[in-house]
Amino acid sequence: MKTPLLEIKDLWVKLPDEETSILQGFNLTINEGETHALMGPNGSGKSTLAKILAGHPGYEVTSGEILFKGEEILEMEPDERARMGFFLAFQYPMEVPGVTIANFLRLAYQRRFNTEVKFLQFHGILMKHLKALEMEPTFANRSLNEGFSGGEKKRLEIVQMSVLQPQMAVLDETDSGLDIDALKIVSKGVNAMRSPERSFLVITHYQRILNYVEPDVVHVMMDGRIVKTGDRSLSVELEQKGYEWVRGELVGV
Ligand SMILES: Nc1ncnc2c1ncn2[C@@H]1O[C@H](COP(=O)(O)OP(=O)(O)O)[C@@H](O)[C@H]1O
Ligand SMILES: [Mg+2]
């Protein structure tokens, strides 16, 4: 019997001063141990969903629910969600003068596990994770206000995930086109962490990353909801036929 880890039920989301909804009756259930891919054309609402899951304040949820481990999380602060084992890739402050990656991650670690950890002790933990991800130890000393490239932000996100050991991680690949090295870091981090208890939602416009992280389930999102679900072969088919093929199917063309 599969145990649902994340259940999103009939979610409707809009911007505060707009009438039309971005998410329009979005439904998704992810069981423990499953990796799902959420694909869709630009503007279909993928990043909005990721932000809602992270507790981003800029949107209005007009109806629906989001259960994590059976508990409603919509009213929870981002910190509270993180303590439950939900990974919030959007929560890192990218422009904090003088704060190093090591210090920022130490604070996140302390909040996640509700414990104090001395700098030296944490340094050891962090080095272990950096090594496993084949990343330079000096990355830990970078300052958060230095300005990161898209690939470096992804690296930081994956180290953060590795250190925090979440039970569920949502990764929005953005559509900015990661270079091949960043792609490998992301997939290596995800693959190393896959387990029967841990689940992933990989959000992507292109199926490229799915060559490295093989999803159990693939969903296609359009106009704010999931319109088609399949297995790995669906993403390959999308690559060949494009999103308009799905749209055509929907209207019975
Ligand atoms: N903060 C925002 N301000 C204005 N429009 C937004 C905002 N967030 C999302 N949208 C709009 O909602 C739609 C979905 O956007 P998004 O969730 O980023 O889609 P995707 O990630 O699938 O490309 C787009 O039309 C986008 O312009
Ligand atoms: Mg997006």
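Residues numbered from 1 in each chain as written. Chains lettered and ligands numbered in written order. Predicted model: local features only at pLDDT ≥ 70, side-chain atom pairs only at ≥ 80, totals over all residues. Heavy atoms only, no water.

Peer 1: Teacher, can you tell me more about the site of ligand 1 here?
Peer 2: In the region of ligand 1, the neighbouring residues are L15, I22, P41, N42, G43, S44, G45, K46, S47, T48 and Y59. The contact in question runs from an oxygen atom of ligand 1 to an N or O atom on the backbone of G45, over 3.1 Å. Taking K46, its side chain carries an N or O atom lying 2.9 Å from an oxygen atom of ligand 1. Calculation on ligand 1 without its partners gives an accessible area of 560 Å², and the protein chains cover 58% of this total. Top element by residues in the shell around ligand 1 is helix α1 (residues 46–54). It accounts for three residues. Class assignment for the residues of the shell around ligand 1 results in four nonpolar, six polar and one charged. (Near = heavy atom within 4 Å. Polar contact = N/O pair within 3.5 Å; in protein donor to acceptor, adjacent residues only side chain to side chain. Areas by Shrake-Rupley, 256 points an atom, 1.4 Å probe, with all protein chains shown as cover. Helix = DSSP H or I, 4+ residues; strand = E, 2+ residues; numbered from the N terminus. Nonpolar A, V, L, I, M, F, W, Y, C, P; charged D, E, K, R; others polar.)

Peer 1: Can you help me understand the packing of helix α3 (residues 101–113) against helix α4 (residues 119–132) in this one?
Peer 2: Each packed pair of helices is defined by two parameters, the angle between the axes and the distance between the axes. In contact at an axis separation of 10 Å, α3 and α4 are set at 95° when each is read in the N-to-C sense. With respect to α4, the axis of α3 lies roughly perpendicular. On the side of α3, the interface is formed by A102, N103, L105, R106 and Y109, while α4 contributes F119, F122, I125 and L126. Each residue belonging to the contact of α3 with α4 can be placed in one class, and the counts come to seven nonpolar, one polar and one charged. (Axes fitted to C-alpha atoms, helices over the stretch in contact; angles between N-to-C directions. Parallel < 35°, antiparallel > 145°, perpendicular 65-115°, else oblique. Contact = heavy atoms within 4.5 Å.)

Peer 1: Explanation requested: the nonpolar core in the structure shown.
Peer 2: As a rule of thumb, nonpolar side chains are buried together in soluble globular proteins. Grouped together as the largest cluster of nonpolar side chains are 49 residues, with contacts concentrated most on F122, L126, F139, V159, M161 and L238. Look past the residues within four positions of F122 in its chain and what remains in contact with it is A102, L105, R106, Y109, V117 and V163. Y59, M168, L201 and I203 belong to the second-largest nonpolar core, a separate cluster that totals 30 residues. (Core = buried A, V, L, I, M, F, W, Y, C linked by side-chain atoms within 4.5 Å. Buried < 20%, exposed > 50% of the residue type's maximum accessible area, 1.4 Å probe, protein only.)

Peer 1: Would you take a moment to explain unusual backbone geometry for this structure?
Peer 2: Across residues other than glycine, the phi torsion is negative in most instances, and most of the peptide bonds are trans. At D10, a residue that is not glycine, the phi angle is positive and equals roughly 45°. Looking at the secondary structure, you find D10 in strand β1 (residues 4–14). A residue is classified by how much of its surface remains accessible, and D10, at 40% relative accessible area, is partly exposed. Phi is positive for D223, which is not a glycine, with a value near 45°. Topologically, D223 is positioned in the loop between β9 (217–222) and β10 (225–230).

Peer 1: Got a minute to help me understand the sheet that holds strand β3 (residues 35–39) in this structure?
Peer 2: Think of a sheet as strands paired side by side through backbone hydrogen bonds, with each pair either parallel or antiparallel. With respect to topology, six strands assemble into an open sheet ordered β6-β7-β8-β3-β9-β10, the strand pairing being mixed. Of all strands in the sheet, those bounded by a partner on one side alone are β6 (86–87) and β10. Examined bridge by bridge, β3 and β9 share four bridges and lie parallel to one another. Its bridge partner being in β9, L38 is matched across the sheet by H219. Along the sheet, α1 contacts β3, β6, β7 (168–172), β8 (199–204) and β9; its crossing angle with β8, the most-contacted strand, is approximately 145°. (Pairing = 2+ DSSP bridges.)

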